[in-house]
Amino acid sequence: MSKRVLTTESGAPVADNQNSASAGVGGPLLLQDQHLLEKLARFNRERIPERVVHARGSGAYGYFEVTDDVTDFTHADFLSAVGKRTEVFLRFSTVADSLGGADAVRDPRGFAVKFYTEQGNYDLVGNNTPVFFIKDPIKFPDFIHSQKRDPFTGRQEPDNVWDFWAHSPEATHQVTWLMGDRGIPASYRHMNGYGSHTYQWTNAEGEAFFVKYHFKTNQGVRSLSSEQAAELAGRNPNSHQTDLLQAIERGVNPSWTLHVQVMPAADAAEYRFNPFDVTKVWPHRDYPLQRVGRLVLDRNPDNVFAEVEQAAFSPNNFVPGIGPSPDKMLQGRLFAYADAHRYRLGVNHTLLAVNAPKATTAQNYGRDGFMASNATSQGRAAKNYEPNSYDGPTETGRALSAPVSVTGYTGTHEAPQHTKDDDFFQAGELYRLMSPEERSRLVANIAGGLAQVSRDDVIEKNLAHFHAADPEYGRRVEEAVHALRED
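None of the values given here were measured: they were computed from a predicted structure.

### With respect to the overall build of the chain
A tally of helices and strands in the chain yields twelve helices and ten strands. Computed over C-alpha atoms, the radius of gyration of the chain comes to 25 Å, within 12% of the 23 Å expected from 2.2 N^0.38 for 487 residues, which places it in the range of a compact globule. In the chain, which comprises 487 residues, the proportion classed as buried is 47%. Of the contacts made within the chain by residues no fewer than 6 positions apart, 73% connect residues no fewer than 24 positions apart. Total accessible area computed for the chain in this model is approximately 24,900 Å², and 52% of it derives from carbon and sulfur atoms. Positive and negative charge centroids in the chain, built from 50 and 61 side chains respectively, lie 4 Å apart.

### Quick look at the environment of Gln 241
By secondary structure assignment, the location of Gln 241 is in helix 6 (residues 239-249). Under the relative-accessibility criterion, Gln 241 is labelled partly exposed at 22%. Residues Gln 241 and Arg 56, 185 residues apart in the sequence, show an inter-C-alpha distance of 9.7 Å.

### Structural notes on the packing of helix 10 (residues 436-450) against helix 12 (residues 471-486)
The description of two packed helices rests on the angle between their axes and on the distance between the axes. Two elements in contact, helix 10 and helix 12, have axes separated by 9 Å at closest approach and are oriented at 45°. When the interaxial angle is binned, helix 10 and helix 12 end up oblique. Considering only the axes of helix 10 and helix 12, their crossing is right-handed. Between helix 10 and helix 12, the residues in contact are Arg 439, Ser 440, Leu 442, Val 443, Ile 446, Ala 447, Gly 448 and Leu 450 and Glu 472, Tyr 473, Arg 476, Val 477, Ala 480, Val 481 and Leu 484, respectively. Broken down by class, the residue content of the contact of helix 10 with helix 12 amounts to ten nonpolar, two polar and three charged.

### Regarding the packing of aromatic side chains
A complete count under the given rule lists 32 aromatic pairs for this structure. Ring geometry for Phe 466 versus Tyr 473: centroids 5.1 Å apart, planes at 45°, classification tilted. Its relative accessible area of 0% is what places Tyr 473 among the buried residues. Through a chain of ring-to-ring contacts, the aromatic side chains of Phe 64, Phe 78, Phe 115, Tyr 122, Tyr 199, Trp 201, Tyr 213 and Phe 318 assemble into a single cluster.

### A closer look at helix 3 (residues 158-166)
Taken together, the buried positions of helix 3 are Pro 158, Val 161, Trp 162, Phe 164, Trp 165 and Ala 166. Buried residues along helix 3 sit against helix 2 (140-147), helix 4 (172-179), helix 10 and helix 11 (456-469).

### What to know about unusual backbone geometry
The peptide bond linking Glu 386 to Pro 387 adopts the cis configuration, its omega dihedral lying at 5°. Mapping Pro 387 onto the fold places it in the loop between helix 8 (328-344) and helix 9 (425-433). Even without a glycine there, the phi angle at His 54 is positive, about 60°. As for its placement among the helices and strands, His 54 is situated in the loop between helix 1 (34-44) and strand 1 (57-66). If you check the backbone angles, Asp 368 has positive phi at about 60° while not being a glycine. Mapped onto the secondary structure, Asp 368 falls in the loop between helix 8 and helix 9.

### Examining the nonpolar core
Counting 40 residues, the largest nonpolar core has Phe 133, Trp 162 and Trp 165 as the members making the most contacts within it. Secondary-structure elements contributing two or more residues to this core are helix 2, helix 3, helix 4, helix 9, helix 10, helix 11 and helix 12. Of all hydrophobic cores here, the second largest spans 38 residues; its members include Phe 73, Trp 256, Ile 322 and Leu 334.

### Focus: the pairing of strand 9 (residues 290-299)
Bridge count between strand 1 and strand 9: six bridges; the pairing is antiparallel. Bridge pairing in strand 9 links Glu 65 to Arg 294. Inspection of the sheet shows strand 8 (residues 255-264) paired to strand 9 by six bridges, in the antiparallel sense. If you follow His 259 over to strand 9, its bridge partner there is Arg 291.

### Re the pattern of salt bridges
Opposite charge on two side chains lets them pair, provided their charged atoms get close. Under the defined criterion, the tally for this structure stands at 28 salt bridges. With its nearest N and O atoms 3.0 Å apart, the salt bridge here joins Arg 439 to Glu 472. Of the two residues, Arg 439 sits in helix 10 while Glu 472 sits in helix 12, which places them 33 residues apart along the sequence. The class for Glu 472 is partly exposed, based on a relative accessible area of 28%. Through salt bridges with shared partners, a single ionic network connects Lys 135, Asp 277, Lys 280 and Asp 423.

Criteria and thresholds
- Residues numbered from 1 in each chain as written.
- Predicted model: local features only at pLDDT ≥ 70, side-chain atom pairs only at ≥ 80, totals over all residues.
- Heavy atoms only, no water.
- Helix = DSSP H or I, 4+ residues; strand = E, 2+ residues; numbered from the N terminus.
- Rg over C-alpha atoms; globule rule 2.2 N^0.38 Å.
- Buried < 20%, exposed > 50% of the residue type's maximum accessible area, 1.4 Å probe, protein only.
- Contact = heavy atoms within 4.5 Å.
- Areas by Shrake-Rupley, 256 points an atom, 1.4 Å probe, with all protein chains shown as cover.
- Lys, Arg positive; Asp, Glu negative; His and termini not counted.
- Charge placed at Lys NZ, Arg CZ, Asp CG, Glu CD.
- Axes fitted to C-alpha atoms, helices over the stretch in contact; angles between N-to-C directions.
- Parallel < 35°, antiparallel > 145°, perpendicular 65-115°, else oblique.
- Left-handed = near helix turned anticlockwise from the far one by under 90°.
- Nonpolar A, V, L, I, M, F, W, Y, C, P; charged D, E, K, R; others polar.
- Phe/Tyr/Trp six-rings, centres within 6.5 Å; stacked < 30°, edge-to-face > 60°.
- Core = buried A, V, L, I, M, F, W, Y, C linked by side-chain atoms within 4.5 Å.
- Pairing = 2+ DSSP bridges.
- Salt bridge = Lys/Arg side-chain N within 4 Å of Asp/Glu carboxyl O.

Given below as structure tokens:
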């Protein structure tokens, strides 16, 4: 059997891949060595800008199978029949650290699912927590700046982290989640995933519902203590990536059961919490979990860069029967996610294999741009405008989701207040749900970070948030912080 021939990128055979061309033995190298220049130039360009957030990620392919009838709530085709399967790609990630960071750190985890449906790709972009730190996207760049490396010191600074939280009381709920026992998952397989935002479902009759997604791990929730995580991060920075890869290679395919909470649209205005505030949850006693189906991961990517780094998710990728809600953070992300990928990957990133539809074909009038190919031409002599007289793709006239009523004046507005819409009630409820041991670990985790802050006024602002959430919670954090600062 003859060996395959190594070639340049233009297909020419390579005579010598061990020695560069030179002007005589031991002489300077020659600019005419096309193979050398091509290799070095490509090597210089092997990396693209990493994601500003969610930079460090892992991913896998699998399928979603419907187990329960939800057609009373949505006419989405991939949810239309019990037993129906849809191919998926799921990307996990940390949030604050860079591409070179460790997996086992105290940080929220991204949980982004791409459903390759017959009506187009549906992207559900969430986290492993049901809430988030802020409720308005105008604060998002400031929030991320406070959590990332300081531009002067080049490291994450407790002063920055806690100063932002001190001025953002709505973060108290998520801080309580993050500093609690589930703040450091043992692996990606052993954590839940949440849509976090509120979305809209519409059934075949046009009736609208608001929903929240809950992916419950079938492996059981397992987490690490701060001490265990520090040891693991130093020993194996790639711990979560390795665990996911090896589990699937062994045939131990991780799975999650998808549940939704369903709120009739008419309930939203009078609900005691603003249902579109991502810093709040809907208590299960109000809107119980309803099972939808099962998500299974059973295939690793062949190339991490091509399929995980270049995977692009946008919460604006909806399918008929599913749409957005007035959730402010979601509204901001409808633009920001896709725009980030146009910057990182180029306007034609949707043609990459991991991002392109698999169960249908994209047909539109987008043309040209960086990395344009025949795939963007939509066929020979196809027109690039609409409407046209040449049988080009046309609109359906059918909205993907139900309309949302709006009233009032344009301008910058605070979110409408519902009866229980303070920033601390749900954080206190979460604290009171914890066991005595869980409370102690939560207090220790918060105090360990807050005690490093240099300004007393920032510490006092944060302590006031914990006192407002629950008197015992605030007292214990205050005592622990003072004890650490006196040492």
